[in-house]
Amino acid sequence: MTRTVLITRRAAPALLIALASVTSALSQTSAVAKAIVPTPSWSHPIAPILYSNCTTCHRPGGAGPFSLLTYDDARRWSTQILTVTQSRFMPPWLPEPGYGDFADNRRLSAEDLDKIKGWVQDGMPEGNAAEAPTPPKYTSEWQLGTPDIVLAAPESFTVPADGQDLFRNFIYPVSVTRTRYVRAVEILPGNARVVHHANILIDRTAELRRQYASDWRAGIPGMELEIGSGDRFDPDSHFLFWKPDTPAVVEPPGMAWRIDPGNDLILNIHLKPTGRVETVQPRIGLYFTDKAPTRAPMLLQLEHDAALDIPAGNSHFVVEDELRLPIAVYALGIYPHAHYLGKQLEAWSIAPNGARTPLILIKDWDIDRQSVYSYRKPLLLPAGSVLHMRYIYDNSPANPRNPANPPIRVHNGNRSTDEMGHLWLQVLPVHAIERDRHGHDSDARMLLERAWMEHRLTRDPTDRLAAYNLASLDSMSGNASGAISIYSKLAAAEPTDARIATSLGAAQQQNGDWRSAIATYKHALTLDPAYTDARYNLATVELQHDQYDAAAADYRALLQQHPDDAAGHGGLGAALAQLQQPDAARTEFDRALALDPAQTDTLANYASLELGANNPQHTQELLTKAIAAGAHDPAIYQQLAFADQQTRHPEEAEAALRSAIAVDPSDPTNHSLLAQLLAARGDLASAITEQQTALRINQKDADGWSNLGVLHAQSGQAAQARSDFERALALDPQHAQARANLARLNTGAAKQ
Ligand code: HEC
């Protein structure tokens, strides 16, 4: 198995957030006292308004600076409440109405504004306290209850009292032993005061942890990470964004995300010094569901960072980008992002027929109020639609958020005094599979990724990441030679980059040129002897091409660096099994499975060893686990059928073969094996049908015809049997069995 890398560079992405709120309690209470509503009082309607719109933040321990849970609180702050609601400073809500209909809309209605105004003007009466709604209950621990798994940062991190904002990446190895689906995520920062916002990335190959093998426990600095996506196309798909007032990210039905053994979560966290030395040790809670996702969304990004060069004093600096969608999608959510000079952020989509769909408009951007917005109803954007983003920056002294006074020239960058202009859109392809330009069926998201990367490359032909990802897409869609030509160019431009060399090797391997692949992997290892993927791939090609000693040596080299690499132990086991060292092989297989019990390759290789060593029980056990872990290779069921036969469990063998046929009905071998099994149980009629199916798939199988002849002969159909044997002999005149059977048949006929 080859590990291809698709890099997706992400800056400060985001999350789809459903507030873990108290709406059920509130919806009951807000119906109270409909009957007589004379003057507005706190009991009604003010408390319900505050409980629905304010107290998620304005409560003890919340993000707001004071609590608004009681009548006394509300009374004390009433003048300010009036001012900030009239000015729409509170509740914090940036999008303009009419530009996208968002699920967690926080904008107060005109009626609610009037009620608050009337109540303050009437002298803030309490009303009948007995009729007041019960205050919502908030917990400072997990909002969604006890998580299925809690991941804790191994070490705490100390934030100095003052200085620049900090970005820290905490790495969490995920302790799952099989694939799980995450339906919700919650983050407990450990110290809400210093955490501005945070964002979770999934590191499928635990690459970052390997890169920082000795010091990852304390977290690593920096805010732009490049992470390989592992050996399958697995683009970023969810906004896993957190800020203090939106503590839980709950995915909609059918959109859980996958976490596999060996994956790491990376919490990219933005910390703001508070004036005191503070420590943080964030925890992540994961909530699982058994339901595999049925919908595969993807995040797309618009930006034009290269254009961000804003002269001092310019109050209307425009940055734009657009992206044509090759396929129809639903827009599910949107996350606009700029720093302090961003003023007006707008995005829209134009359909091929000219229809305009507004996606968002923010007239007075405020980075401290950034959020992910999800659409109440998915927005259909037809194929050929063009997404537009248009951001306006104000670098004049009139911008009260301008960090520099007097203003200075500002470029793009990650520090909060640099600027950014990103627009992330979460989209769901209308059809999960679409035709690509070569007429092949493709994961629709690959077409989006390609359109996105090609767009980046048109704008900036030196965009290394875009070229790299296009090569990876070529490779993943089976166009190995296309991939080779791009990787070769990249390798020529960056001759010391071990990752590019390794990907080139993987494409050569895919193209069948395994000798070049071996040479390229060896070259990658001269560039970086510790580059695990190159070592692993090298060992694996060697294993596949019968260079067992070399393979064993390379797996051992890998394991010396990473003693806990499960796939490394599995590979070494396979090499040792081939080298006729079954006991040493077993030790490696056991070690591999102790580290990661769900490795299908290792389970299957171990099973082959045991089947050959006449240990059918252990073979069965291993193969059953492989199937449970998601292995659907018909060869696995075949092996299982052999083992079941050895242990005299024909029913189970039959079930295994039927599963193999269900996975791949077009493989004649399974039908033939099933025919033999059925014949051994005396069910000749079914056996004949099964064997005929096999021969319909592969008519040139001389053995198959000979076997069909035997079945026909056994069931007394001599004429059929004769023609079967003749057919076998026509295909293979040397077929000894068919010849002997035909002779026996003729003798038998002569006897009758
Ligand atoms: C998403 C969290 C959140 C929600 C919801 C929220 N607030 Fe606030 N509120 C804050 C924060 C944070 C501050 C501190 C100022 C700031 O950082 O913007 C604040 C400040 C205030 C202030 C003080 C303003 C000042 O001039 O200092 C008032 C009054 C207020 N909020 C009232 C309300 C009311 C009334 C509601 C509901 C209608 C509400 N808030 C909803 C987070 C929130």
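If you're wondering where the values come from, they're calculated on a predicted model, not measured in any experiment. Within each chain, residues carry numbers counting from 1 in the order of the written sequence. Per-residue local features are limited, in this predicted model, to residues with pLDDT of at least 70; the limit for side-chain atom pairs, both in listing and counting, is 80 or more; totals at the level of whole chains, interfaces and linings are taken over all residues. Computation of side-chain values covers all heavy atoms of the structure but excludes hydrogens and water.

**Remarks on the site of the ligand**
- A cutoff of 4 Å decides nearness: a residue is near a molecule or strand if any of its heavy atoms lies inside that distance of it. Taken together, 20 residues form the shell around the ligand, and within it Cys 54, Cys 57, His 58, Met 90 and Asp 245 come nearest.
- His 58 is positioned with one of its side-chain polar atoms (N or O) 2.7 Å from a nitrogen atom of the ligand.
- Within the side chain of Arg 369, a nitrogen or oxygen atom sits 3.2 Å from an oxygen atom of the ligand.
- Each helix is a run of DSSP H or I of at least 4 residues and each strand a run of E of at least 2, with the numbering of both proceeding from the N terminus. For the shell around the ligand, the leading source of residues is helix H4 (residues 78–86), giving four residues. Any pair of N or O atoms that falls within 3.5 Å is considered a polar contact. Within protein, one atom must be able to donate a hydrogen and the other to accept it, and sequence-neighbouring residues count only if both atoms are side-chain atoms.

**Looking at the packing of H4 against helix H5 (residues 110–121)**
- As a packed pair, H4 and H5 sit with axes 10 Å apart at the nearest point and diverge in direction by 150°. Judged by the inter-axis angle, H4 sits roughly antiparallel to H5. With respect to the hand of their crossing, H4 and H5 are arranged in left-handed fashion. Along its contact with H4, which presents Ser 78, Ile 81, Leu 82, Thr 85 and Gln 86, the element H5 presents Leu 113, Ile 116, Lys 117, Trp 119 and Val 120.
- Here the residues of the contact of H4 with H5 sort into six nonpolar, three polar and one charged. Whenever a helix is involved, its axis is fitted only over the stretch in contact; in every case the axis is a line through C-alpha atoms, and angles between N-to-C directions fall within 0 to 180 degrees. Orientation is classified from the angle alone, with under 35 degrees giving roughly parallel, over 145 giving roughly antiparallel, 65 to 115 giving roughly perpendicular, and any other angle giving oblique. Here is the rule for handedness: rotate from the far helix to the near one, and if that takes an anticlockwise turn smaller than a right angle the crossing is left-handed, while a clockwise turn gives right-handed. Only heavy atoms enter the contact rule, under which two residues are in contact if any of them lie within 4.5 Å. Polar here means any residue other than Ala, Val, Leu, Ile, Met, Phe, Trp, Tyr, Cys and Pro, which are nonpolar, and Asp, Glu, Lys and Arg, which are charged; Gly is therefore polar.

**Thoughts on the coordination of the iron atom of the ligand**
- The donor definition counts N, O and S atoms within 2.8 Å of each metal and applies 3.2 Å to Na, K and Ca; water is not among these atoms, so some sites may look incomplete. Only His 58 (NE2) and Met 90 (SD) from the protein reach the iron atom of the ligand as donors, at distances of 2.0 to 2.2 Å.
- Here a site with four donors is tetrahedral if all angles are between 85 and 135 degrees, and a site with four or six donors is square planar or octahedral if opposite donors are over 155 degrees apart and the other angles are between 65 and 115; anything else gets the irregular label. One way to put it: the six donor atoms around the iron atom of the ligand meet at angles of 84 to 178°, and that makes the site octahedral. Of this pair, His 58 sits in the loop between helix H2 (46–53) and helix H3 (71–76) while Met 90 sits in the loop between H4 and H5, and the two are 32 residues apart along the sequence.
- Partly exposed describes any residue whose relative accessible area lies between the buried limit of under 20% and the exposed limit of over 50%, with all areas from a 1.4 Å probe on protein chains only and scaled to the type maximum. Using a relative accessible area of 10% as the deciding quantity, one classes His 58 as buried.

**Let's talk about the domain arrangement of the protein chain**
- By the assigned domains, the protein chain splits into domain 1 (23–131), domain 2 (143–289), domain 3 (298–427) and domain 4 (431–524).
- Between domain 1 and domain 2, the residue contacts involve four residues of the former and four residues of the latter.
- When two parts are brought into contact, each loses some accessible area as probed by a 1.4 Å sphere; the total of that loss over both is the buried area. Carbon and sulfur atoms supply 48% of the area buried between domain 1 and domain 2, which totals about 270 Å² over both sides.
- When the area that domain 1 buries against domain 2 is broken down by residue, the three leading residues are Arg 59, Ala 63 and Arg 106, summing to 74%.
- Run the count over domain 1 and domain 2 and you get zero residue pairs in polar contact (both at pLDDT 80 or more). Segmentation of the chain into domains, including their bounds, is taken from an automatic or database domain assignment.

**Considerations on H5**
- Relative to the 16 Å expected for twelve residues at 1.5 Å per residue, H5 spans 16 Å between its end C-alpha atoms, a close match to the ideal helical length.
- Here H5 has its buried residues at Asp 112, Leu 113, Ile 116, Gly 118, Trp 119 and Val 120.
- As for H5, its buried residues are in contact with H2, H3 and H4.
- Trailing H5 by a residue or two, Gly 123 shows a phi angle of about 85°, which is positive. Helix span is expected to be 1.5 Å times the residue number reduced by one.

**As for the sheet that holds strand E15 (residues 298–303)**
- Strands qualify as paired when DSSP identifies two bridges or more between them. If you trace the four strands from one edge of the open sheet to the other, you get E15-E24-E18-E21, paired in antiparallel fashion. Only two strands of the sheet have a single neighbouring strand rather than two, namely E15 and strand E21 (373–381). Averaged over all pairs of adjacent strands, the angle between strand axes in this sheet comes to 30°, irrespective of strand direction.
- Where E15 meets strand E24 (residues 421–429), six bridges bridge the pair, whose relative direction is antiparallel. In the strand pairing of E24, Gln 301 is matched with Trp 424.
- Along the sheet, helix H7 (residues 444–459) contacts E15, strand E18 (329–338) and E24; its crossing angle with E15, the most-contacted strand, is approximately 15°.

**Looking at the packing of aromatic side chains**
- Each pair of aromatic rings taken from Phe, Tyr and Trp, with Trp reduced to its six-membered ring, is defined by centres within 6.5 Å and is described as stacked if the planes are under 30 degrees apart, edge-to-face if over 60, and tilted in the remaining cases. Enumeration according to the criterion identifies 14 aromatic pairs in this entry.
- Measuring from ring centre to ring centre gives 6.5 Å for Trp 42 and Tyr 51, while their planes differ by 85°; the resulting arrangement is edge-to-face.
- Classification of Tyr 51 by relative accessible area gives buried; the value is 2%.
- Whether a charge sits over a ring comes down to the Lys NZ or Arg CZ being within 6 Å of the ring centre and within 35 degrees of the ring normal. Directly above the aromatic system of Trp 216 lies the positively charged group of Arg 209, at a separation of 5.6 Å from the ring centroid.

**A few points about the confidence of the model for the protein chain**
- What pLDDT reports is the predictor's confidence in each residue, on a scale of 0 through 100. Predicted confidence across the protein chain gives a mean pLDDT of 87, with 93% of residues reaching 70 or more.
- Predicted confidence for residues 1–37 stays below pLDDT 50, and this span has 127 contacts to residues more than four positions away or in other chains.

**Quick look at the sheet that holds strand E7 (residues 220–221)**
- Here five strands make up an open sheet; going across it, the order is E7-E4-E12-E6-E9 and the pairing antiparallel. Looking at strand neighbours, the two that pair on one side only are E7 and strand E9 (241–242), the edges of this open sheet.
- As paired elements, strand E4 (residues 166–173) and E7 share two bridges and run antiparallel to each other. Residue pairing across strands places Arg 168 opposite Pro 221, the latter belonging to E7.

**Some points on the nonpolar core**
- Nonpolar cores are built from buried Ala, Val, Leu, Ile, Met, Phe, Trp, Tyr and Cys residues. Side-chain atoms within 4.5 Å join them into one set. Counting residues in hydrophobic clusters, the biggest one holds 53 residues, and the most contacted among them are Leu 300, Ile 334, Tyr 373, Leu 387, Tyr 393, Leu 425 and Leu 448.
- Looking at this core element by element, the count peaks at six residues for H7.
- Not counting chain neighbours up to four residues away, the residues in contact with Leu 387 comprise Leu 300, Leu 302, Asp 321, Glu 322, Leu 323, Leu 325, Trp 348, Ser 349, Leu 359, Leu 381 and Leu 425.
- Membership of the second largest hydrophobic core comes to 32 residues, among which are Tyr 536, Leu 543, Phe 589 and Leu 640.

**Notes on the packing of helix H16 (residues 600–612) against helix H17 (residues 616–628)**
- Packing of H16 against H17 brings their axes to within 8 Å, and their N-to-C directions diverge by 165°. Here H16 is positioned roughly antiparallel relative to H17, judged by the angle of their axes. Between H16 and H17 lies a crossing of left-handed hand. On H17, the residues that touch Thr 600, Leu 603, Tyr 606, Ala 607, Glu 610 and Leu 611 of H16 are His 618, Thr 619, Leu 622, Leu 623, Lys 625 and Ala 626.
- Among the residues forming the contact of H16 with H17, the class breakdown is seven nonpolar, three polar and two charged.

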